[in-house]
Amino acid sequence: MGRYILQRLIDAVPTVLLSLTLVFAALRILPGDPAVAMLGDRAPIEQIEAFRHKVGLDQSLPMQYVNFLAEVATGNFGRSLANDTPITQLLADNLPYTLELTGFATLISLLIGIPIGIISAVAHGRLPDHVARLFGLAGYCIPDFFLGALFMLYFGLHLDLLPVMGGGTGFPDRMLHLVMPAATIGLVMAAFLSRLTRSAMLEVLRFDYIRTARAKGLSTWLVITKHALRNAMIPIVTGIGIYILSALSGSIAIELVFSRPGLGQLMIGAVEARDFPIVQATITMFALFVVVVNLMVDVAYAVINPRVRTGEA
Amino acid sequence: MLQSILTRRAFAGAALVTGSTLARQASAAVQRPFKFAFANSDLGSADPINIRAGNDDVICRQVFMSLVSPPYGTADNDPAKCQSELAERWDASPDNKVWTFFLRKGIEFHRGYGEVTADDVKFTFDRVRSNTSGSLYAEGYGDIEKIEALDRTTVRFHLTQSNPIFFATHLFPREGAFIVSRKAVEEMGAAFQRNPVGSGAYEFAAYQPGRQVTLKANPKFHRGPAKLNELQFLYMPETAARTIAFRKGDLDFIDGARAPGWAPDLRRVMPSAKIVVLFPGSTQLMHLDTSRKPFNDLRVRQAMAYGLDRSVFKEAYGELSGPLWGMNAPGTYGALGEADTPAELRYAFNPARAKALLAEAGYPEGLSVNVYISKREDYLTNMLLVQDQLKKVGITINVSLVDHATYHSDNRKDKNPIIVQSGPNTETAARWDATYFAAGSNTTPDGRGGSNFSHYGVGIPGIDAELGAARLESDGTKQAAMLRDVERHLLRDLPALPLQCLGWVWVQQPYVKIPFALRSGMLNFPMENVELEK
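Just so it is clear, the structure is predicted and the values come from calculations on it, not from any experiment.

Further remarks concern the interface of chain B and chain A. Counting residues at the interface gives 38 residues for chain B and 41 residues for chain A. Summed over both partners, the interface of chain B with chain A comes to about 3300 Å²; 56% of that surface belongs to carbon and sulfur atoms. If you sort the residues of chain B by the area they bury against chain A, B:R211, B:K248 and B:R412 come out on top, with a joint share of 19%. Remark: the boundary between chain B and chain A carries 3 salt bridges. Taking the shortest distance from any N to any O, the salt bridge between B:K248 and A:D160 comes out at 3.0 Å. At the boundary of chain B and chain A, one finds 11 residue pairs in polar contact (both at pLDDT 80 or more).

Residue and element names in this part refer to chain A. With 13 residues, helix 4 (residues 61-73) should reach 18 Å at 1.5 Å per residue; the first-to-last C-alpha distance of 18 Å fits that figure. Those residues of helix 4 lying buried are Q64, F68 and V72. One side of helix 4 holds all its buried residues, which, seen down the axis, span an arc of 70°. Pointing more than 90 degrees away from the buried face of helix 4 are the exposed residues P62 and A73. Where helix 4 is buried, its residues meet helix 1 (2-29) and helix 12 (276-304). G75 lies just past helix 4 and shows a positive phi near 75°.

Residues and elements named next belong to chain B. Throughout the structure, instances matching the rule amount to 39 aromatic pairs over all chains. Ring geometry for F36 and W506: centres 5.7 Å apart, planes at 85°, overall edge-to-face. A residue pair is termed long-range when its members are at least 10 positions apart, and F36 in strand 1 (residues 34-38) and W506 in strand 17 (residues 496-508) qualify at 470 residues. Accessibility classification places F36 together with W506 in one group, the buried group. Aromatic side chains W99 and F101 sit 6.4 Å apart centroid to centroid with 15° between the ring planes, which places their arrangement in the stacked category. For W99, a relative accessible area of 4% translates into the label buried. Residue class for F101 comes out buried when judged on its relative accessible area of 0%. A network of ring pairs unites the aromatic residues F34, F36, F38, Y72, F233, Y235, F253, W506, F516 and F525 as a single cluster.

All names here are of chain B. The final tally for this structure, using the stated rule, is 7 cavities of 30 Å³ or more. In this structure, the second largest cavity occupies an estimated 70 Å³ of space. Looking at the second largest cavity, the residues that line it are A305, L308, R310, W325, L345, Y347, L491, L494, L497 and P498. Per-class residue counts for the lining of the second largest cavity are 9 nonpolar, no polar and 1 charged.

Let us look at the layout of surface pockets. Take a probe with the size of a water molecule and roll it over the atoms, and the empty space left behind shows itself. Residues and elements named next belong to chain A. There is about 880 Å³ of room inside the second largest pocket. As for the second largest pocket, its lining consists of 39 residues, of which F51, K54, V55, L81 and D84 are closest to the centre. Secondary-structure elements contributing two or more residues to the lining of the second largest pocket are helix 3 (45-55), helix 4 and helix 12. In terms of residue count, the dominant contributor to the lining of the second largest pocket is helix 3 (5 residues). Here the lining of the second largest pocket is built from residues that sort into 15 nonpolar, 16 polar and 8 charged. In terms of domain composition, the lining of the second largest pocket takes at least three residues from each of domain 1 (31-74) and domain 2 (87-310).

Residue and element names in this part refer to chain A. At a minimum axis separation of 8 Å, helix 6 (residues 127-141) and helix 8 (residues 171-205) run at an interaxial angle of 130°. Viewed along their axes, helix 6 and helix 8 adopt a mutual orientation that is oblique. Where helix 6 crosses over helix 8, the handedness of that crossing is left-handed. Here D129, A132, R133, F135, G136, L137, G139 and Y140 of helix 6 come into contact with helix 8, specifically with L187, V188, A190, A191, F192, S194, R195 and R198. Of the residues contributing to the contact of helix 6 with helix 8, the split by class is 9 nonpolar, 3 polar and 4 charged.

Further remarks concern the pattern of salt bridges. Overall, the coordinates contain 32 salt bridges over all chains when judged by the stated rule. With a closest N to O distance of 2.9 Å, A:R211 and A:D208 form a salt bridge. Of this pair, A:R211 and A:D208 both sit in helix 9 (residues 208-215), 3 residues apart, which is roughly one turn of the helix. Here B:R223 ties to B:E528 by a salt bridge, and the two come within 2.8 Å at their closest N and O atoms. Highlighted residues: B:R223 in the loop between strand 9 (212-217) and strand 10 (230-235) and B:E528 in the loop between strand 18 (512-513) and strand 19 (531-532), separated in sequence by 305 residues. By relative accessible area, which is 36% here, B:R223 ends up partly exposed. In the salt-bridge network here, residues are joined through shared partners; they are B:R61, B:E85, B:R223 and B:E528.

Residues and elements named next belong to chain B. Mapped onto the secondary structure, Q62 falls in helix 2 (residues 54-63). Using a relative accessible area of 2% as the deciding quantity, one classes Q62 as buried. Only 2.9 Å separates the side chain of Q62 from the backbone oxygen of V58, close enough to count as a polar contact. Within the local environment of Q62, its side chain forms a polar contact with the backbone nitrogen of M527, the two atoms lying 2.7 Å apart. Here Q62 is in contact with G200, A201, Y202, L215, L231, F233, F525, P526 and M527, once residues within four sequence places are set aside.

Put simply, side chains in a regular strand alternate between the two faces of the sheet. All names here are of chain B. Taking burial as the measure, the 8 residues of strand 14 (residues 367-374) include 6 buried ones, the bulk of the element. Bridge count between strand 14 and strand 15 (residues 395-402): 8 bridges; the pairing is parallel. When the bridges of strand 15 are listed, V369 appears paired with I397. Between the parallel elements strand 14 and strand 15, the chain passes through helix 11 (residues 377-391) in a crossover that is right-handed.

Right, let's talk about the sheet that holds strand 4 (residues 87-92) of chain B for a bit. All names here are of chain B. Overall, antiparallel pairing links the 4 strands, which are arranged 4-5-7-6 in an open sheet. One side of each edge strand has no neighbouring strand; the edge strands of this open sheet are strand 4 and strand 6 (144-151). Neighbour-to-neighbour, the strand axes of this sheet turn through a mean angle of 20°, independent of strand direction. Here strand 5 (residues 98-103) pairs with strand 7 (residues 154-159) via 5 bridges, running antiparallel. Looking across to strand 7, one finds that F102 is bridged to T154. Sitting on the sheet, helix 3 (residues 118-128) is in contact with strand 5, strand 6 and strand 7, with an inclination near 165° to strand 6.

Residues and elements named next belong to chain A. When the domains of chain A are assigned, the result is domain 1 (31-74) and domain 2 (87-310). The distance between the C-alpha centroids of domain 1 and domain 2 comes to 38 Å. When residues of domain 1 are sorted by the area they lose upon contact with domain 2, P34, M38 and F68 head the list and together hold 56% of the total. Where domain 1 packs against domain 2, one counts 0 salt bridges. On inspection of domain 1 and its partner domain 2, the count reaches 0 residue pairs in polar contact (both at pLDDT 80 or more). At the level of elements, helix 2 (34-39) and helix 4 are the ones that each hand at least two residues to the side of domain 1 that touches domain 2.

Residue and element names in this part refer to chain B. Remark: helix 14 (residues 464-472) packs on helix 15 (residues 476-493), axes separated minimally by 8 Å, with the N-to-C direction vectors making an angle of 165°. Here helix 15 runs roughly antiparallel to helix 14, going by the angle between their axes. The handedness of the crossing between helix 14 and helix 15 comes out as left-handed. Contact residues: helix 14 offers E466, L467, A469, A470 and R471, while helix 15 offers Q479, M482, L483, D485, V486 and H489. Within the contact of helix 14 with helix 15, the residues separate by chemical class into 6 nonpolar, 2 polar and 3 charged.

What counts as what
Residues numbered from 1 in each chain as written. Chains lettered and ligands numbered in written order. Predicted model: local features only at pLDDT ≥ 70, side-chain atom pairs only at ≥ 80, totals over all residues. Heavy atoms only, no water. Contact = heavy atoms within 4.5 Å. Buried area = accessible area lost by both parts, 1.4 Å probe. Salt bridge = Lys/Arg side-chain N within 4 Å of Asp/Glu carboxyl O. Polar contact = N/O pair within 3.5 Å; in protein donor to acceptor, adjacent residues only side chain to side chain. Helix = DSSP H or I, 4+ residues; strand = E, 2+ residues; numbered from the N terminus. Expected span 1.5 Å × (residues − 1). Buried < 20%, exposed > 50% of the residue type's maximum accessible area, 1.4 Å probe, protein only. Arc of directions from axis to C-beta. Phe/Tyr/Trp six-rings, centres within 6.5 Å; stacked < 30°, edge-to-face > 60°. 1 Å grid on protein atoms, 1.4 Å probe; cavity = no way out; pocket = protein on both sides within 12 Å on 5 of 7 lines; lining within 4 Å. Points joined across faces, edges and corners; volume = space filled by probe spheres on them. Nonpolar A, V, L, I, M, F, W, Y, C, P; charged D, E, K, R; others polar. Domains from an automatic or database assignment. Axes fitted to C-alpha atoms, helices over the stretch in contact; angles between N-to-C directions. Parallel < 35°, antiparallel > 145°, perpendicular 65-115°, else oblique. Left-handed = near helix turned anticlockwise from the far one by under 90°. Pairing = 2+ DSSP bridges. Right-handed = clockwise from strand over helix to strand, strands pointing away.

What follows is the structure, encoded as structure tokens:
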């Protein structure tokens, strides 16, 4: 298994490198001068040039690229152009909020989406299936930022049950601040996941070994969990991987909607201000997430289906 | 005897009333952090020499003191109303070229940085007018020849030219004019912008990038400690998030949205919210490139002016929109008011005249022009309103969208034939006239030029001579009249079309008590006496 993980990590290196290169190039192609964005449209040219020099924007692009890669390799993303704060500090301040949001949203989606998908498949064509499909359809139709705003209005403003802004301080307060943003992303993810689980389960439930298991007199519970679900898990795990990444990207909008600290909030502010080092660092973090999540999915495959790690599959 | 008893009774009654009032006030006031949410996504800088946004100024107004101030809540530059702050008194030479300020004694900088002295004042203004200090405002202070610290509490400014309202143009509490501690700046260097030291009612306590700035009451403030112990300025760029949090009561004060319909909507769902519109807010102009076809023809520029029904701005923005007669906001020193603007220079809406002028200029079938505009709400709204209006007279404006940073960056490189520009109000019309219309500020394709986007005074004669003469005039009344002549000249030549003044919008909870009315400008809101009743 260790060798398998190592191989997957080595495979990820070109992906990360390509992501970094694309981010670097995209930011330089993007119109808009960081110096003007930082200093304002009426800043004197002397100050603009001094700023460019100070932050290295007057260097050649290859030199900027080499410096950027060197900084990433050493885990030092430099300092914010806007506020001169070390970016590692900004990441350390914001990353936990994004991770807890994505983590809880995923948990909510798993706890809701998979059971609904299973019930829907087992009750195929009956009322629970129709209700579950309606739930799935709603998830496809409602954008998460809109759902977030509805939650804020109803649970935050109308019922006055939950906080509508910020990330909270201290464990209980942070958990309280997490409820609505995580539920917003989690419910949308759950809708997707329920549809995926349903179709994977329907596929598996048609197989002969399920019929055989039932014929042997096994309980429905055992047939579903031991025989059907385990075999349906490969596409579901793939879906979960994709949805975790989707939750991660969804967190950008949700952090803005709830004025919640996090990488998304940090990145959007940095894009507006053309704060290149922060944008580069946050996108690098997102790229690393993609690698980690894909690795987790690969490991999960290997656990679920041993033929994957032995190369038989 | 009777008189004595009455007096004692009256005194006792008055004491009772006063005492109960004080007791009521004392019991009504609540002590908790005051939360003010800004629409910005982060602090630009809290160092007065490189303040980058109006909201940076709001924070600095609490941390720093200026020498003088207009009446709180206003930007009124009437000399008779000018209030002393750090300066106890001042005088000017008869030609208004030498100004001497006498500082109050015993005012301390925060955190043990010592007493505010004339040397700190000299250091502050030498730093802001220096081209090597990182100052963004050096140009505005370029007419200071030298500054002398005559003794510990007396400072003298020598100007290169007469300035009857020097106290307003250079010393009012806004970027550049906040007095910094020399010792703190020299100790901290660049870190000063995130950890400033002033002598104001509040000390800078903490900065969380992209989230919050926290200020704590200065226990040694010379007018006594501020009524609220803590101010929190939160960065919440999402309007909906800010509005919902405000409606829930999580925020005490917010930046409103300068967008059509926002204020009436809030008023409908939350009648108790107090919406404050600060005028003149932003002066919004539409610059036309006089060096390129078709705007090099005055008749085309006039056609645009006649084709634009400016009442649409009022219809769209409602209470946020105010009139703009010339290139500077009414009330600004040297700007035009309604009475100063001749009928023919008001360009009253006249589509037939607009079409006739276009035909006369060789565009009987109308004309078409490609422009780009910022996605920022007010910029985009303005451009769409203008586009809609001018289409009716045969001028088609093809608009593409860019983000705000790109918009300003590309405008500096002379890429746009029509530029909608929104700028803060200034104390004197001379400043924006020099910035936007002087030949020396011409915008150049290499981005090294200034903000004269219309190239006015470069290919065609401009206002340089008149503006120069006005700036040399030592008599305030005459100078203001000369500046109004400059404004009228600009209206005749139309290098830019005045669109509107767009007010700044603040919203306060009904339980926020401010001891003065917030009327104009957004920068002169000292919060030392603000109280919360809930």
